[in-house]
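Spelled out, the chains give:
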Amino acid sequence: MRDVRKRGSEAILYVVIPCFNEEEVLAETAKRILKKVDSLIQERKISQKSRVLFVNDGSKDNTWRIIKQLHRENLRFTGISLSRNRGHQNALLAGLMTAKEKADVVISMDADLQDDIEAIDAMLEKYRAGADIVYGVRSSRESDTWFKRNTAKIFYKIMRALGADVVDNHADYRLASCRALNELANYQEVNLFLRGMFPLIGFKSEIVYYERRERFAGKSKYPLRKMLGFAWDGISSFSVRPLRIITTLGILITILSILVLIYSLVMKVIGNTVSGWTFTVCSIWLVGGIQTLSLGVIGEYIGKIYGETKRRPKYCIVEDLSDDAI
Ligand code: UDP
Ligand code: MG
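This structure is a prediction, so every number in the text was calculated from the model and none was measured.

## Regarding the side chain of N182
At step 1: Considering the arrangement of structural elements, one finds N182 in helix α6 (residues 178-184).
At step 2: Within the structure, N182 has its side chain in polar contact with the side chain of K100 (distance 3.1 Å).

See the structure below:
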């Protein structure tokens, strides 16, 4: 574990980029990020030993071949490859944990050039001034579809209402010092939601605003199904409030059922018992529905406990180019 933390011109920067089937954008991304890193080195803002670390998240296309080729052409590029597709968050964690052993400071960004590379300067500036975590926050969501923009807005609202501390409109474009990453390594959870975990770490943090662009090429690797799964992971990993809502719901239904009992007793006394059929059927359905929903939510949490208790490794690196990179 590195314990020296340099903030000046001798600070080693690693840019971590998770890639899943990104053959269409990789060459362009590599070109642009190399230009940025080289110019930062020339301006003596970071060390010569700085690298760009690609994480191949079990791609089915030529992504890993391209990464190896880039590494052959220029040692500034390095990479690790996961044994299979483990999802964006796990791939990112694999990259961060690999990078922290060699770097003083790490910046994570997407492969599709949606994150503005030019914001790196401002991030490093804040790091130099003493920040351990710098969040890249989108200044607008113009480039997103109407659907994504609004679902994201609802998601952040729900997260906040449920008591989780998240930075609005911050995805995974972020700077973290080696100190912050060493702390992150202590978080043992399996259900990763990194953007919610960094605020938990603490340390001095800052925000840098940037304009989020359209994907440079290729399709989003986050279809609706994965996006919803990710949002649920975020909510259930950081809040137990859904469980409390069930308890409240249970109390309300109990009160309601006492009222129904009184009502049905009165009806019986009056002698009106047969006409209650519609009401009975309706309440059976309603209560059945609520019970099923509640069981479902409880089941989600039990599923999480199950996952956490197994303590399975979150990733497995099969190849590591960074060994011979320095
Ligand atoms: N990604 C990954 N593994 C996955 C899905 C995505 O490593 O299973 C990477 C992807 O290559 C990209 C980043 O995560 O660098 C963000 O994905 P994408 O741009 O498709 O998401 P969006 O911007 O549409 O939310
Ligand atoms: Mg993207």
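## Considerations on helix α9 (residues 241-270)
At step 1: Between its terminal C-alpha atoms α9 stretches 43 Å, which fits the 44 Å expected from 30 residues at 1.5 Å a residue.
At step 2: G271 lies just past α9 and shows a positive phi near 95°.

## With respect to the site of ligand 1
At step 1: In the vicinity of ligand 1, 19 residues are found, and the nearest of them are E22, D57, D112, S220 and K221.
At step 2: A distance of 2.8 Å separates an oxygen atom of ligand 1 from a polar backbone atom of P18.
At step 3: In the model, an oxygen atom of ligand 1 is placed 2.5 Å from a nitrogen or oxygen of the S220 side chain.
At step 4: In the complex, 95% of the free accessible area of ligand 1, which totals 530 Å², lies under the protein chains.
At step 5: A class-by-class count of the residues in the shell around ligand 1 yields five nonpolar, five polar and nine charged.

## Section: the coordination of the magnesium ion (ligand 2)
At step 1: At 1.9 to 2.0 Å from the magnesium ion (ligand 2) lie its protein donor atoms, namely D112 (OD) and Q114 (OE1). In this structure, D112 and Q114 share a single accessibility class: buried.

## Brief notes about the sheet that holds strand β5 (residues 133-138)
At step 1: Across the sheet, which stays open at both edges, the eight strands sit in the order β7-β5-β6-β4-β1-β2-β3-β8 with mixed pairing between neighbours. With partners counted over all chains shown, the strands left at the sheet margins are β7 (205-210) and β8 (317-320), one partner each. Put simply, the sheet's adjacent strands are angled 20° from each other on average, direction ignored.
At step 2: Examined bridge by bridge, strand β1 (residues 13-19) and strand β4 (residues 105-108) share four bridges and lie parallel to one another. In the sheet register, V15 faces β4, and the bridge partner there is I107.
At step 3: Relative to β1, helix α1 (residues 23-42) is tilted by about 170°, and along the sheet it contacts β1, β2 (51-56) and β3 (77-82).

Rules used throughout
Residues numbered from 1 in each chain as written. Chains lettered and ligands numbered in written order. Predicted model: local features only at pLDDT ≥ 70, side-chain atom pairs only at ≥ 80, totals over all residues. Heavy atoms only, no water. Helix = DSSP H or I, 4+ residues; strand = E, 2+ residues; numbered from the N terminus. Polar contact = N/O pair within 3.5 Å; in protein donor to acceptor, adjacent residues only side chain to side chain. Expected span 1.5 Å × (residues − 1). Near = heavy atom within 4 Å. Areas by Shrake-Rupley, 256 points an atom, 1.4 Å probe, with all protein chains shown as cover. Nonpolar A, V, L, I, M, F, W, Y, C, P; charged D, E, K, R; others polar. Donors = N, O, S within 2.8 Å, 3.2 Å for Na, K, Ca; no water. Buried < 20%, exposed > 50% of the residue type's maximum accessible area, 1.4 Å probe, protein only. Pairing = 2+ DSSP bridges. Axes fitted to C-alpha atoms, helices over the stretch in contact; angles between N-to-C directions. Contact = heavy atoms within 4.5 Å.

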